[in-house]
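Next come the chains, spelled out residue by residue.
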Amino acid sequence: MTISNVPTAIEPPAPSGRAQRRRSRRQVNAFAPSHRGDARLAWILVAPAMIGFLVFALYPTLRGVYLSFTDYRLLSSPTWIGVQNFVELFQDDTFWQSLGITVYFVLIAVALTLVVSLMTAAVLHRVTKSTVLRGLIILPFLISGVVAATVWSWMLDAQLGIVNQLVHALGGDGIRFLTSREWAIPSLALIHVWKNMGYTSIIIFAGLQTIPPSIYEAGRIDGASEPKMFFRLTLPLLRPILALVVVLNVIGAFQVFDIVSVATKGGPAHASNVLQMYIYQKAFGQFDFGYASAMSLALFAILIVITFVQMRLLRASESDNA
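Residues numbered from 1 in each chain as written. Predicted model: local features only at pLDDT ≥ 70, side-chain atom pairs only at ≥ 80, totals over all residues. Heavy atoms only, no water.

> Describe the nonpolar core, with residues and values.
The nonpolar side chains of a soluble globular protein tend to be buried with one another. Grouped together as the largest cluster of nonpolar side chains are 45 residues, with contacts concentrated most on Leu89, Phe95, Phe105, Leu188, Phe254, Met295 and Ile306. Put simply, the parts of the chain that give this core at least two residues each are α3 (84-90), α4 (93-126), α6 (145-155), α8 (184-209), α11 (239-254), α12 (258-263), α13 (275-285) and α14 (289-321). By residue number, the principal contributor to this core is α14, which donates nine residues. Residues contacting phenylalanine 105, with those up to four places away along its chain left out, are Ile185, Leu188, Ala189, His192, Ala253 and Val256. The next biggest cluster of nonpolar side chains, apart from the first, holds 16 residues, and it includes Met197, Ile203, Met229 and Val245. (Core = buried A, V, L, I, M, F, W, Y, C linked by side-chain atoms within 4.5 Å. Buried < 20%, exposed > 50% of the residue type's maximum accessible area, 1.4 Å probe, protein only. Helix = DSSP H or I, 4+ residues; strand = E, 2+ residues; numbered from the N terminus. Contact = heavy atoms within 4.5 Å.)

Okay, structure coming up:
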């Protein structure tokens with residue numbers, strides 16, 4: 001017998017006709033009489049979620065779009081005025097000021113969240129495997145924004161806050177974190193970072209888990225240091241995850257309201273009057289629901305653009321890695 005005639009693999013025998021018939025009988029037939037009630041049962045199980053979506057999501061959205069084209073006060077019926085609200089919106093200096101403040105907040109919050117979360121995830125991945133530590137890191141994300149803003153308002157109080165007590169102990173002057181125009185937005189951004197960095201760290205940590213350890217072993221063999229491997233290996237391989245994290249954090253930062261409402265209420269002198277706060281003041285302070293709906297629709301359009309950018313970034317990352 002020559003070497004070429006030796007079989008390279010043992011193939012399993014083909015199933016007989018009787019075995020194939022038994023296998024086909026074991027397969028579930030969705031159109032059999034015994035399964036005719038499954039579709040009805042499925043609709044019954046899905047109905048509560050569908051009703052909740054229609055009542056609490058779809059209808060309010062469509063209602064808000066309609067009200068954005070009306071003049072609607074609390075004690076009057078909606079009056080159709082077309083695009084007049086949007087014309088007024090483009091001429092509203094307060095709207096553009098609030099949008100600028102929001103963008104300023106987003107830039108600080110997203111940049112700090114990304115840096116802190118990336119460092120935290122790298123430490124979790126390379127230094128410790130403790131599940132307890134991971135749970136402690138994500139714990140602030142589970143706390144209500146109102147609770148977080150209240151606690152931090154006490155801690156950052158200009159007179160009795162523990163942070164200013166530490167500043168005085170180190171020989172510095174007290175800082176009016178939430179009551180000065182210069183510190184209001186950075187202080188709110190730090191509260192936002194503290195609350196959300198745990199969730200972002202877990203997402204990045206999950207991305208780090210997908211990187212094969214052999215890549216780092218090869219880097220060590222080539223003599224690469226830890227910082228060099230981080231910038232040359234880790235960051236490029238994490239680009240799709242980082243793109244997703246950036247977009248999610250931008251959308252979340254644009255929707256900030258509870259922290260601002262509790263900590264500063266838009267002050268001092270409208271220095272922290274973010275767009276969501278201005279919409280709330282128009283709707284529930286001045287009862288101008290039509291104009292507030294127009295601003296909400298404008299914010300919705302901004303978030304759609306951000307989502308489109310997210311999809312483009314993800315596709316670009318996938319094409320680069322292919």
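> Tell me about the environment of serine 293, residues and numbers included.
Mapped onto the secondary structure, serine 293 falls in helix α14. Judged by its relative accessible area of 13%, serine 293 is buried. Look past the residues within four positions of serine 293 in its chain and what remains in contact with it is Gly64, Leu67 and Ser68. A polar side-chain atom of serine 293 sits 2.7 Å from the main-chain carbonyl oxygen of phenylalanine 289. (Polar contact = N/O pair within 3.5 Å; in protein donor to acceptor, adjacent residues only side chain to side chain.)

> Pulling in residues and values, what's your account of the confidence of the model for the protein?
Per-residue confidence for the protein gives a mean pLDDT of 84, with 86% of residues at or over 70. Below pLDDT 50 for its whole length, residues 1-10 participates in one contact with residues either more than four positions away or in separate chains. (pLDDT = per-residue confidence, 0-100.)

> So what about the pattern of salt bridges? Which residues, and what values?
If you walk through the whole model with that rule in mind, you get two salt bridges. Put simply, aspartate 71 and arginine 73 hold a salt bridge, and the shortest N to O gap is 3.7 Å. A salt bridge links aspartate 288 to arginine 73; its shortest N-O distance comes to 3.6 Å. In this pair, aspartate 288 sits in the loop between α13 and α14 while arginine 73 sits in the loop between β1 (70-71) and β2 (79-80), placing the two residues 215 residues apart along the sequence. Residue classification places arginine 73 among the partly exposed positions, given a relative accessible area of 39%. (Salt bridge = Lys/Arg side-chain N within 4 Å of Asp/Glu carboxyl O.)

> Outline α11, supporting the account with residue identities and numerical values.
Residues spaced three or four apart along an α-helix point in a common direction, a consequence of the helix completing one turn every 3.6 residues. In this model α11 runs 22 Å from its N-terminal to its C-terminal C-alpha over 16 residues, within 8% of the 22 Å that 1.5 Å per residue would give. Among all positions in α11, only Leu242, Ala243, Val245, Val247, Asn249, Val250, Ile251, Ala253 and Phe254 are buried. (Expected span 1.5 Å × (residues − 1).)

> Hey, could you go over unusual backbone geometry for me, with residue numbers and the actual values?
Cis geometry is found at the peptide bond from glycine 267 to proline 268, where omega equals -5°. Not every positive phi belongs to a glycine, and lysine 265 is a case in point at roughly 55°. With respect to the helices and strands, the residue lysine 265 is situated in the loop between α12 and α13. For phenylalanine 287, which is not a glycine, the phi torsion comes out positive at approximately 55°. Within the element layout of this structure, phenylalanine 287 appears in the loop between α13 and α14. Look at phenylalanine 287 and you get partly exposed, because its relative accessible area is 36%.

> Go over the packing of helix α9 (residues 213-221) against helix α10 (residues 226-237) with me, naming the residues and quoting the values.
Look at α9 against α10: their axes get within 11 Å of each other, and the N-to-C directions meet at 145°. Where α9 crosses over α10, the handedness of that crossing is right-handed. Contact residues: α9 offers Ile215, Tyr216, Gly219 and Arg220, while α10 offers Glu226, Met229, Leu233, Thr234 and Leu237. Partitioned by chemical class, the residues of the contact of α9 with α10 number five nonpolar, two polar and two charged. (Axes fitted to C-alpha atoms, helices over the stretch in contact; angles between N-to-C directions. Left-handed = near helix turned anticlockwise from the far one by under 90°. Nonpolar A, V, L, I, M, F, W, Y, C, P; charged D, E, K, R; others polar.)

> How would you summarise a nonpolar patch on the surface if you had to cite specific residues and measurements?
Nonpolar side chains collect at one region of the surface, where Val132, Leu133, Leu136, Leu139, Phe141, Leu142, Ile143, Val147, Val151, Trp154, Trp194 and Tyr199 lie side by side and expose about 1100 Å² of accessible area between them. Elements represented by at least two residues in the nonpolar patch include exactly α5 (131-142), α6 and α8. Take the nonpolar patch: its biggest share by element is six residues, from α5. (Patch = residues over 30% accessible without salt bridge, like charges linked within 9 Å, V, L, I, M, F, W, Y side chains within 5 Å. Areas by Shrake-Rupley, 256 points an atom, 1.4 Å probe, with all protein chains shown as cover.)

> How would you sum up the packing of aromatic side chains? Please name residues and give values.
In the structure shown here, the tally under the stated rule is 13 aromatic pairs. For the ring pair phenylalanine 69 and tryptophan 80, a centre distance of 5.6 Å and an interplane angle of 20° mean the geometry is stacked. Linking phenylalanine 69 in the loop between α2 (38-67) and β1 with tryptophan 80 in strand β2, this pair joins segments that are eleven residues apart in sequence. Owing to a relative accessible area of 56%, tryptophan 80 belongs among the exposed residues under this scheme. Taking 5.2 Å as the distance between ring centres and 75° as the angle between the ring planes, the aromatic pair formed by phenylalanine 95 and tryptophan 96 counts as edge-to-face. A residue is classified by how much of its surface remains accessible, and phenylalanine 95, at 4% relative accessible area, is buried. (Phe/Tyr/Trp six-rings, centres within 6.5 Å; stacked < 30°, edge-to-face > 60°.)

> Explain the layout of surface pockets to me, using residue names and the numbers behind them.
Reported here for the largest pocket is a volume of approximately 570 Å³. Around the largest pocket sit 21 residues that line it, and Ile279, Ala292, Ser293, Ser296 and Leu297 are the ones nearest its centre. Elements with a contribution of two residues or more to the lining of the largest pocket: α2, α13 and α14. Of the residues in the lining of the largest pocket, the class split is 15 nonpolar, six polar and no charged. As a volume, the second largest pocket reaches approximately 170 Å³. For the lining of the second largest pocket, the secondary-structure elements that each account for two or more residues are α8 and α11. (1 Å grid on protein atoms, 1.4 Å probe; cavity = no way out; pocket = protein on both sides within 12 Å on 5 of 7 lines; lining within 4 Å. Points joined across faces, edges and corners; volume = space filled by probe spheres on them.)

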